[in-house]
Amino acid sequence: MKRCSLKKIVSSFLPLVLLVTLMQVIPVVFPQPNLNKAEALTQTCTSTASSKSGQDITKACDGSSSTVYLGLATGTSDVRIDVGSSIKLTLIAFRAGGDDQTYRNRMVADATIRGCAAADTPVGECTDSQTVSWNQTQLDSVNNSKVYPSKVLNLAGSYRYYYITTITYGEKFQVATDTACTGLGATKCVQYSEIILEDTDIPTGSLTSSLRVQFKD
Ligand SMILES: [Ca+2]
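Residues numbered from 1 in each chain as written. Predicted model: local features only at pLDDT ≥ 70, side-chain atom pairs only at ≥ 80, totals over all residues.

1. A look at the overall build of the chain
Tallying secondary structure elements over the chain gives 3 helices and 11 strands in all. Listing every helix and strand of the chain by position from the N terminus yields α-β-β-β-β-β-β-α-β-β-α-β-β-β. The 217 residues of the chain split such that 34% are buried. Put simply, of all contacts in the chain between residues at least 6 apart along the chain, 73% involve residues at least 24 apart. (Helix = DSSP H or I, 4+ residues; strand = E, 2+ residues; numbered from the N terminus. Buried ≥ 20, exposed ≤ 12 C-beta atoms within 10 Å, placed from the backbone. Contact = placed C-beta atoms within 7 Å.)

2. Focus on the sheet that holds strand β8 (residues 159–168)
Either a parallel or an antiparallel arrangement is found when strands of a sheet pair, and the pairing is made through backbone hydrogen bonds. Pairing in this open sheet of 5 strands is antiparallel, and the strands run β1-β3-β8-β5-β6 from one edge to the other. Where the open sheet ends on each side, the last strands, each with one partner, are β1 (44–47) and β6 (128–133). Put simply, the sheet's adjacent strands are angled 25° from each other on average, direction ignored. For strand β3 (residues 79–87) and β8, the ladder comprises 5 bridges, and the chain directions are antiparallel. In the sheet register, arginine 80 faces β8, and the bridge partner there is tyrosine 163. (Pairing = 2+ DSSP bridges. Axes fitted to C-alpha atoms, helices over the stretch in contact; angles between N-to-C directions.)

3. Digging into the pairing of strand β5 (residues 108–116)
The buried fraction of β5 amounts to 7 of the 9 residues, a majority that puts the element mostly inside the structure. As paired strands, β5 and β8 are joined by 8 bridges and run antiparallel to one another. Counterpart to threonine 112 in the pairing with β8 is threonine 165. Alignment of β5 against β6, held across 6 bridges, turns out to be antiparallel. Each residue of the ladder has a partner; that of alanine 111, found in β6, is valine 132.

4. Some thoughts on unusual backbone geometry
In this structure, aspartate 78 is a non-glycine residue whose phi angle is positive, near 50°. Relative to the helices and strands, aspartate 78 is located in the loop between β2 (69–71) and β3. The partly exposed category is assigned to aspartate 78, around which 18 C-beta atoms lie within 10 Å. You will see that serine 145, though not glycine, has its phi angle at about 65°, which is positive. Here serine 145 is to be found in the loop between α2 (136–140) and β7 (151–152).

5. Describing the nonpolar core
Generally speaking, soluble globular proteins have nonpolar side chains that are buried together. Core analysis: the largest hydrophobic core is formed by 40 residues, its most contacted members being Phe94, Val108, Tyr162, Ile164, Tyr192 and Ile195. Mapped onto this core, the elements with two or more residues apiece are β2, β3, β4 (91–95), β5, β8, β9 (190–192) and β10 (194–198). Top contributing element to this core by residue count: β5, with 5 residues. In contact with valine 108, other than residues within four places in its own chain, are Phe94, Trp134, Thr166, Thr168, Val190 and Tyr192. (Core = buried A, V, L, I, M, F, W, Y, C linked by C-beta atoms within 7 Å.)

6. Regarding the environment of proline 122
Topologically, proline 122 is positioned in the loop between β5 and β6. In this structure, the C-alpha to C-alpha distance between proline 122 and tyrosine 163, residues 41 residues apart in sequence, is 9.6 Å.

7. Some words on the pairing of β4
Among the 5 residues that make up β4, 4 are buried, leaving the element largely enclosed by the rest of the structure. Pairing of β4 with β7 involves 2 bridges; the strand directions are antiparallel. Along β7, the bridge assignment pairs isoleucine 92 with lysine 151. With 5 bridges joining them, β4 and β10 adopt antiparallel strand pairing. Looking at the pairing, phenylalanine 94 lines up with isoleucine 195 of β10.

Remember that the coordinates give geometry; whether it matters functionally is a separate question.
Set out below in structure tokens:
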């Protein structure tokens with residue numbers, strides 16, 4: 001009797017297993033033609049700053065809160081961002097790293113964002129710029145992997161290319177007791193899991209971004 005009901009169960013699951021297998025095969029045989037055009041946009045983050053192995057700047061633009069950028073050079077990020085088309089940004093924030101509550105010194109206290117004419121415009125020639133700041137109380141309230149309070153941007157123009165430099169919590173507030181930057185000192189590295197840029201002016205769905213450019217309306 002037992003064997004019989006087991007047989008029944010197996011036989012009733014068999015068509016389901018076959019169906020699932022078939023569904024996995026179908027997309028290969030019939031590739032879906034309706035690829036989202038927005039996904040084809042080229043949007044990248046690059047940096048000349050040195051980083052810990054496996055934690056380069058692309059990790060701050062991959063949409064994952066579990067991957068982080070850990071810059072080691074001079075406590076700045078020197079990150080060049082290509083947002084794919086000319087966009088007027090209105091908000092900026094960072095998403096904290098997974099252990100920022102333990103190592104506050106690596107958080108971003110000041111960020112300067114510059115609008116640049118081209119991908120290779122020297123940073124000194126990206127003249128439209130703004131610095132936003134987070135105070136110690138604000139940063140101390142950000143939990144691991146959570147987003148900092150957003151800051152409003154008032155850049156004059158729209159740009160495809162942006163350049164962001166940062167000053168760390170350790171540098172600004174002279175916190176050197178909780179270093180997690182072996183051999184470099186507490187003020188000499190910066191960590192965040194995502195750079196979050198937002199534009200509230202662009203209609204929903206007109207663009208999406210692997211860079212975390214988000215549209216709110
Ligand atoms: Ca990430």
